[in-house]
Amino acid sequence: MNEMVKKGDICFDEEFSKEEMVQQSLMETDTSSSGGSSETGDENVGRGNWVGRLDFLLSCIGYAVGLGNIWRFPYLCYQSGGGAFLIPYVIFLVLCGMPLFFLEISYGQFASLSPISVWKMSPLFKGVGYGMVIISGIVCVYYNIIITWTIYFLYHSLRAVLPWSTCNNAWNTENCYVRGESVWTNSTVNTTMGYNTTGVNMTGLLLPSGIANGTSNGTSDLAGRITASEEFWQNEVLQITEGIEDLGTIRWELLICLAIAWIVIFLCLCKGVKSSGRVVYVTATFPYLVLTILFIRGVTLPGAGAGIYFYLVPEWEKLLTFKVWGDAAVQIFYSVGMAWGGLITMASFNKFNNNCYRDAMIVPLINCGTSVFAGLVIFSVLGFMSHETGIDIKNVVTQGPGLAFVAYPEAVVKLPISPLWAVLFFLMLFAVGLDTQSK
């Protein structure tokens, strides 16, 4: 803002600093009779500011720590050299993650504008702002579907016997089996196996439940067979059809869960940063509480050490491949959340003198530490599952929805009081998804 000031015979332009503009705005607010609608202490009268000092920090942590930390990083770390993967991961964190994170939040904090309006300084790049908003909108729809699935699994976890733990449900097929189910018998095996086994001791043989129930097609291998957990996911939750030409019917259960997800998001954002800033005190901290509980439980299980070793054992030779370094860079951008517009938006509600440099150091470090910690939680339980079933852990570990809705729930079935751990796990996913979605 320029203003002509006359001192004697000299006229010159006086450029007010941002701090002076803020002070002037506050003075105008105090003297204005209509200023009662704005909350006391807000520097930005029109848009408002975060209420508490930790609101922005926890919001950034919740925004950065998402489902990718839980269902993508552990698998990526295992696939890309275990502990050796942490070297390129940390390098890209320092070279790319922290500087770009600081750039975005400092820019948003200085301008106090949205990702579109902030490009007034250079209208040529305004399309970048529109791109940020479009991508964020698409991801919002995608994330709410994940929250919907989480609510559905959470509902089914509230029962004594988890529905994905058996093959006796309406959605199961003859190819269904439960990993590690035993057949403790020495007689009539030939009738269940489909061939003569006279004189063979079958005591304690690990067989799929379908074979144990006499539904085998005559072979004892697992070709074409599907675990109970995967059948629950495909046949009950998703109800996958034979092709895109068959759209299927409306899943009223999922529709209700989707409506609940959108209602919860609306309640979190209905008052802008004044409401979402309070929600993050729960949604940003609760996942860490659950992860800690699951970690303590996981490391006390037999086979947990083997799972963690499998997760972190370094394979130094993989550092010589470009793919590992590319995966590390992609994971940093994917996880920390630069160039999506969310960081600019959240920082625009900061007060002008907020220490954004401190926040830019803390949030990426917490985000990356959470990724490593989540991997310990996941692989400790998968190691226990491998120990219980006798199946190599590399045959059960996966990423994405397959880890969150198939592999980990199947592993939870092996734990004592399995519904409790299932509820905790899906509550954690709900909190993580809600925290990212509400930003």
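What you see is a predicted model, and the numbers here were worked out from it, not measured in a lab. (Residues numbered from 1 in each chain as written. Predicted model: local features only at pLDDT ≥ 70, side-chain atom pairs only at ≥ 80, totals over all residues. Heavy atoms only, no water.)

So what's going on with the UniProt feature "transmembrane region" (unreviewed entry) in the protein chain? Residues and values would help.
Per the UniProt record, "transmembrane region" (unreviewed entry) is annotated on residues 56-74, 86-107, 128-155, 252-273, 285-312, 332-349, 361-385 and 415-434. Annotated as residues 361-385, this span is 100% helix and 0% strand, and its ends, taken at the C-alpha atoms, are 37 Å apart. (UniProt positions renumbered as here; feature names shortened; annotations may be inferred. Helix = DSSP H or I, 4+ residues; strand = E, 2+ residues; numbered from the N terminus.)

Tell me about the packing of helix α9 (residues 228-238) against helix α17 (residues 401-412), and please be specific about residues and values.
One way to put it is that α9 packs onto α17 with a least axis distance of 8 Å and a crossing angle of 140°. Classified by the angle their axes make, α9 and α17 are oblique. Note that α9 runs across α17; the crossing there is right-handed. Contacts between α9 and α17 involve Ser229, Glu230 and Trp233 from the former and Pro401, Phe405, Val406, Pro409 and Glu410 from the latter. (Axes fitted to C-alpha atoms, helices over the stretch in contact; angles between N-to-C directions. Parallel < 35°, antiparallel > 145°, perpendicular 65-115°, else oblique. Left-handed = near helix turned anticlockwise from the far one by under 90°. Contact = heavy atoms within 4.5 Å.)

Describe in detail the environment of Lys126, supporting the description with residues and values.
Tracing the backbone through its elements, the reader meets Lys126 in helix α6 (residues 126-157). Taking relative accessible area as the criterion, Lys126 reaches 36% and is therefore assigned partly exposed. As a C-alpha pair, Lys126 and Pro115 span 11 residues in sequence and 8.7 Å in three-dimensional space. Apart from residues lying up to four places away in sequence, Lys126 is in contact with Ile116 and Trp119. (Buried < 20%, exposed > 50% of the residue type's maximum accessible area, 1.4 Å probe, protein only.)

Tell me what's going on with the confidence of the model for the protein chain, and back it up with residues and numbers.
Predicted confidence across the protein chain gives a mean pLDDT of 81, with 81% of residues reaching 70 or more. Across residues 182-220, where pLDDT falls below 50, the model places 56 contacts with residues more than four positions away in sequence or in other chains. (pLDDT = per-residue confidence, 0-100.)

Give me the environment of Tyr309: which residues, what numbers.
In this fold, Tyr309 is placed in helix α13 (residues 304-312). C-alpha separation for the pair Tyr309 and Tyr78, spaced 231 residues apart in sequence, amounts to 10.0 Å.

Break down helix α18 (residues 418-437) for me, with residues and values.
Between its first and last C-alpha atoms α18 spans 28 Å; for 20 residues at 1.5 Å apiece the expected length is 28 Å, and the two agree. With 18 of its 20 residues buried, α18 lies for the most part within the structure. (Expected span 1.5 Å × (residues − 1).)

Describe the nonpolar core, listing the residues and the values that go with them.
Among the nonpolar cores identified, the biggest contains 101 residues, and Phe405, Phe426 and Leu429 are the most heavily contacted of them. Broken down by element, the residue count for this core peaks at 13 residues, all from helix α16 (residues 356-389). Those residues within four positions of Phe426 in sequence are excluded, and the remaining contacts are Thr150, Phe153, Leu154, Ser157, Trp164, Ala404, Phe405 and Pro409. (Core = buried A, V, L, I, M, F, W, Y, C linked by side-chain atoms within 4.5 Å.)

Go over the pattern of salt bridges with me, naming the residues and quoting the values.
The full count for this structure, using the stated rule, is six salt bridges. Measuring nitrogen to oxygen at the nearest pair gives 3.9 Å for the salt bridge that ties Arg278 to Asp55. Taken as a pair, Arg278 in helix α11 (residues 273-283) and Asp55 in helix α2 (residues 53-64) lie far apart in primary sequence, 223 residues in all. A relative accessible area of 43% places Arg278 in the partly exposed class. The exposure class of Asp55 is buried, given its relative accessible area of 0%. Between Glu253 and Arg251 there is a salt bridge, with its nearest N and O atoms 3.4 Å apart. Classification of Glu253 by relative accessible area gives partly exposed; the value is 38%. (Salt bridge = Lys/Arg side-chain N within 4 Å of Asp/Glu carboxyl O.)

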